[in-house]
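# Inside the fold
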Amino acid sequence: MKTQLPIEAQRFKKLREELRHTQQSFAELLDIGATTADIERGKTKITGKVVMELMAQFNINPLWIYGKSFEKYIDTSRGDVSPKVLTIDSTGNDSILLVNQKAAAGYPNNIHDTGWYQTLPAFNIPLPEYRNASYRGFQVEGDSMLPNIKPNEWVLGRAVPSINEATDSKIYIVVLRDSVLVKKLQKIPNNPQSIRLISLNDEYLPIDVKVKDIQELWMVNSKLTFGIDEPAESNLLRQLQQSMEELKAQMRDTVNKKTD
């Protein structure tokens with residue numbers, strides 16, 4: 001019985017043939033060894049480096065390669081920032097991957113590597129707000145988004161397919177080529193090639209980034225907090241009560257000394 005080849009192997013071979021390359025010349029072009037034969041036979045997985053080369057050289061949509069999209073090419077004029085890899089659970093629904101601070105440091109370089117995503121924890125939220133969309137969770141590092149988002153908290157973001165669909169003054173998870181940032185986004189008038197990223201903490205200055213340097217964009221709609229701090233007002237009230245009790249105790253001691 002003939003084994004069905006993975007769709008990525010089928011589409012990789014189809015693309016090579018459409019570009020009129022031999023297995024040897026295509027391998028040389030992508031800098032992956034002597035031949036692409038093992039990839040086309042399904043014996044070797046397509047690496048993130050190969051996917052990145054296909055996107056950089058031919059504008060190939062990574063989601064098309066893995067059968068997750070009918071759009072073969074990325075339209076760079078639309079500022080495509082959609083997820084490069086989607087993950088699904090056993091029921092066929094999108095699962096929410098959690099990217100902690102350590103994983104976030106390597107996220108930009110592994111953004112096309114399907115095997116790398118399998119090392120990340122995933123879960124589902126059975127609420128209507130999380131249906132019919134792709135979500136991803138990132139752990140926040142640093143204090144640039146205080147007071148709204150504290151260091152080490154988790155934010156959940158909804159995938160944004162195009163920079164044109166991004167909304168001013170909303171908070172986004174911005175995946176650049178060398179880092180992952182959580183910032184408020186602001187479009188720059190008369191400069192569609194760049195956007196401004198703003199911190200909520202006034203100690204941090206806004207930064208401008210090129211749209212072409214944004215790999216993915218996720219609009220934050222919720223956050224996960226572990227360990228809820230007692231409100232400052234409650235701490236102050238408790239301190240005042242403690243001070244009053246100490247003052248009363250001192251007054252009782254003074255009265256007792258006078259009556260002795």
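Residues numbered from 1 in each chain as written. Predicted model: local features only at pLDDT ≥ 70, side-chain atom pairs only at ≥ 80, totals over all residues. Heavy atoms only, no water.

## Considering the sheet that holds strand β1 (residues 96-99)
Heads up, the rule is: Strands pair, by our definition, only if DSSP identifies at least two bridges between them. Helix and strand definitions follow DSSP, with helices as H or I runs of at least four residues and strands as E runs of at least two, each counted in order from the N terminus.
Spatially, 9 strands are ordered β2-β1-β3-β4-β9-β5-β6-β7-β8 in an open sheet, and the strand pairing comes out mixed. The open sheet has two edge strands with one neighbour each: β2 (122-123) and β8 (207-210). Relative to strand β9 (residues 214-224), strand β4 (residues 154-159) runs antiparallel, the two sharing 6 bridges. Counted as the bridge partner of Gly 157 is Val 220 from β9.

## Considering the side chain of Gln 215
In plain terms, the rule: Contacts described as polar in this section are N or O atom pairs within 3.5 Å, which, within protein, must combine one atom able to donate a hydrogen with one able to accept it, while residues neighboring in sequence count only if both atoms come from side chains. The contact criterion used throughout is that any non-hydrogen atoms of two residues lie within 4.5 Å.
Relative to the elements of secondary structure, Gln 215 occurs in strand β9. Within the local environment of Gln 215, its side chain forms a polar contact with the backbone oxygen of Pro 108, the two atoms lying 3.4 Å apart. Here the side chain of Gln 215 touches Leu 176 through a polar contact of 3.1 Å, landing on its backbone oxygen. Those residues in contact with Gln 215 that sit more than four places away from it in its chain are Asp 80, Val 81, Ser 82, Lys 84, Pro 108, Ile 111, His 112, Val 175, Leu 176 and Arg 177.

## Regarding helix α1 (residues 7-18)
Short version of the rule: The span expected for a helix works out to 1.5 Å for each residue beyond the first. We call a residue buried when its accessible area falls under 20% of the maximum for its residue type, exposed when it is over 50%, and partly exposed in between, using a 1.4 Å probe and counting protein chains only.
The terminal C-alpha atoms of α1, which comprises 12 residues, lie 16 Å apart, in line with the 16 Å expected from a rise of 1.5 Å per residue. When we look at burial in α1, the residues that qualify are Ala 9, Arg 11, Phe 12, Leu 15 and Arg 16. Close packing links the buried residues of α1 with α2 (23-30), α3 (37-40), α4 (48-58) and α5 (62-65). With its phi angle positive at about 60°, Arg 20 sits one or two positions after the end of α1.

## Side note on unusual backbone geometry
At the junction of Leu 146 and Pro 147, the peptide bond is cis and its omega measures out at 5° in the coordinates. Here Pro 147 is to be found in the loop between β3 (135-139) and β4. Positive phi is not limited to glycine here, since Asn 59 has a value of about 60°. Positionally, Asn 59 belongs in the loop between α4 and α5. On the accessibility criterion, Asn 59 (33% relative accessible area) is partly exposed.

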